[in-house]
Amino acid sequence: MVLGRARIGRPGLLGAVARTAVITGTARATANAVDRRGQRHAAEQQQAYAVPAQPVPPPAAEPPGADLVGRLEQLGRLHESGALTDAEFAAAKARLLG
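The written sequence of each chain sets the order in which its residues are numbered from 1. The model is predicted, so local features are restricted to residues of pLDDT at least 70 and side-chain atom pairs to those at 80 or more, both for listing and for counting; the totals for chains, interfaces and linings are taken over all residues. Hydrogen atoms and water are omitted, and side-chain values are computed over all heavy atoms in the structure.

Student: Give a detailed account of the overall build of the chain, specifying residues and quantitative values.
Tutor: Note on conventions: DSSP H or I runs of at least 4 residues are helices, E runs of at least 2 residues are strands, and numbering of each starts at the N terminus. Regarding its fold elements, the chain presents 3 helices and 0 strands. Counting from the amino terminus, helix and strand elements in the chain follow one another as α-α-α. Scored against the burial criterion, the 98 residues of the chain give a buried share of 5%. Accessibility throughout is a Shrake-Rupley quantity obtained with a 1.4 Å probe, and a residue counts as covered only by protein chains that appear here. When the accessible surface of the chain is summed, it comes to about 9,100 Å², and 60% of that surface belongs to carbon and sulfur atoms. Each residue is assigned to one of three classes by its accessible area relative to the maximum for its type, calculated with a 1.4 Å probe on protein chains only: buried under 20%, partly exposed between the two thresholds, exposed over 50%.

As structure tokens, then:
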């Protein structure tokens, strides 16, 4: 009585599926390792060539006279247009200058 005969030759369907699963798993693991190494290398390169952040300088302060001149010019335009009377113009100019 023969209980089981050893198969000789090509593997059956189950053997082919198992071999394909092993090959696929190995390929996936290798691809993931290569991707991680590439990402790590890119991050190292980016750090190596990164320009250090420089603080933004504060805006340059205008000379004290520039603001005063601009306000006086604005008062003059308002006076010329009739929005300010002579007395209002004189009072505003005195406040700016004094």
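Student: Describe the pattern of salt bridges, with residues and values.
Tutor: In the sections that follow, a salt bridge refers to a side-chain nitrogen of Lys or Arg positioned within 4 Å of a carboxyl oxygen of Asp or Glu. Counted by the stated rule, this structure contains 1 salt bridge. Here Asp67 makes a salt bridge to Arg71, at a shortest N to O gap of 3.8 Å. Of the two residues, Asp67 and Arg71 are both situated in helix H2 (residues 64-81); the distance of 4 residues between them amounts to about one turn of the helix.

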